[in-house]
Amino acid sequence: MTKQRLLFLGPPGAGKGTQAQQLAARQGLLHLSTGDLLRAEVAAGTPLGQEAQAVMARGELVSDGLVLAIVRSRLEQQAASLNRGEPGPRGWLLDGFPRNLAQAEALEALLNELNQPIELVVLMELDDGVLMQRLLSRGRDDDNTAVIQHRLEVYRQQTAPLIAHYRQQNLLEPVAAEGSVDEVAARIESLLQ
Ligand code: ADP
């Protein structure tokens, strides 16, 4: 059967969001982007959004507890709906989460509870020069040179250790993230079988 519980890992600018959204739509998976969910909270001016806003603008990580609460509520909701036999996505694609080892461990505990192990971790790889160009042309609030550099550093220090973590679990599949959106999508899709 096609793999349907997926993580997307990779530096900011590698195209995780674009690929995750398209793949989730094609495969009928729930797409959970912690970046998108946090930006929605900021835009709605909720207390959670207010707490996250300054941290995101600096390119640092929002607290583990906060992102975990967001992910937990969505995954529990989906699992409950599945258990009730309701129609809806049967799998999920996590994009931008986990971003450090503590988040990865908390996620594993949650997934054990739900009896839903991760089936595949897609690592999107791209070199730094291309990343920087892509991010600068995107023009989001937190996309200026200094903040981008900081986000890359945070990625290297906190998120990149997850590569070894998932490799050890035999879940990791690297994908070259250069080329057109469709080319990259085809590479990723070939890993789902
Ligand atoms: P990118 O992939 O371009 O870095 P995201 O949309 O994934 O962007 O995230 C934007 C910002 O949201 C991050 O820089 C960080 O401040 C916050 N964020 C997103 N996901 C997480 C997470 N899992 N843990 C902590 N902070 C997060």
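Above: the structure in question.
Fair warning: this is a prediction, and the values are worked out from it, not measured in the lab.

Rules used in this analysis
- Residues numbered from 1 in each chain as written.
- Predicted model: local features only at pLDDT ≥ 70, side-chain atom pairs only at ≥ 80, totals over all residues.
- Heavy atoms only, no water.
- Helix = DSSP H or I, 4+ residues; strand = E, 2+ residues; numbered from the N terminus.
- Rg over C-alpha atoms; globule rule 2.2 N^0.38 Å.
- Buried < 20%, exposed > 50% of the residue type's maximum accessible area, 1.4 Å probe, protein only.
- Contact = heavy atoms within 4.5 Å.
- Salt bridge = Lys/Arg side-chain N within 4 Å of Asp/Glu carboxyl O.
- Arc of directions from axis to C-beta.

A. Examining the overall build of the protein more closely. On a plain count of helices and strands, the protein comes out with nine helices and five strands. Ordered by position from N to C terminus, the α and β elements of the protein give β-α-β-α-α-α-β-α-β-α-α-α-β-α. Radius of gyration (C-alpha) of the protein: 16 Å, near the 16 Å computed for a compact globule of 193 residues. Taken over the C-alpha atoms alone, the protein extends approximately 45 × 40 × 30 Å along its principal axes. In the protein, buried positions account for 45% of the 193 residues. Within the protein, residue pairs in contact and separated by at least 24 positions form 74% of the contacts whose partners lie at least 6 positions apart.

B. The arrangement of the pattern of salt bridges in detail. On inspection of all chains with the given rule, the structure shows twelve salt bridges. Of the charged contacts, one joins Arg26 and Glu189 as a salt bridge, the two residues approaching to 2.8 Å between their closest N and O atoms. Placement of the pair is Arg26 in helix α1 (residues 16-27) and Glu189 in helix α9 (residues 181-189), with a sequence separation of 163 residues. For Arg26, a relative accessible area of 43% corresponds to the partly exposed category. Judged by relative accessible area, which is 25%, Glu189 ranks as partly exposed. One salt bridge connects Arg58 with Glu60, and the closest N-O pair in it is separated by 3.3 Å. The exposure class of Arg58 is partly exposed, given its relative accessible area of 43%. For Glu60, a relative accessible area of 35% puts it in the partly exposed group. Members of the salt-bridge network, linked through shared partners, are Arg138, Arg140, Asp142, Asp143 and Arg151.

C. Molecular detail of unusual backbone geometry. With an omega dihedral of 0 degrees, the bond running from Phe97 to Pro98 counts as a cis peptide bond. Residue Asn115 is not a glycine yet carries a positive backbone phi of 60 degrees. Tracing the backbone shows Asn115 in the loop between α5 (101-114) and β4 (120-125). For Asn170, which is not a glycine, the phi torsion comes out positive at approximately 65 degrees.

D. Seen up close, helix α3 (residues 47-58). Regarding α3, the residues found buried are Gly49, Ala52, Val55 and Met56. The buried residues of α3 occupy one face: seen down the axis, they fall within an arc of 135 degrees. Exposed residues pointing more than 90 degrees away from the buried face of α3 are listed as Pro47, Gln50 and Glu51. Those residues of α3 that are buried lie in contact with α2 (34-44). Phi turns positive, to about 80 degrees, at Gly59, one or two residues after α3.

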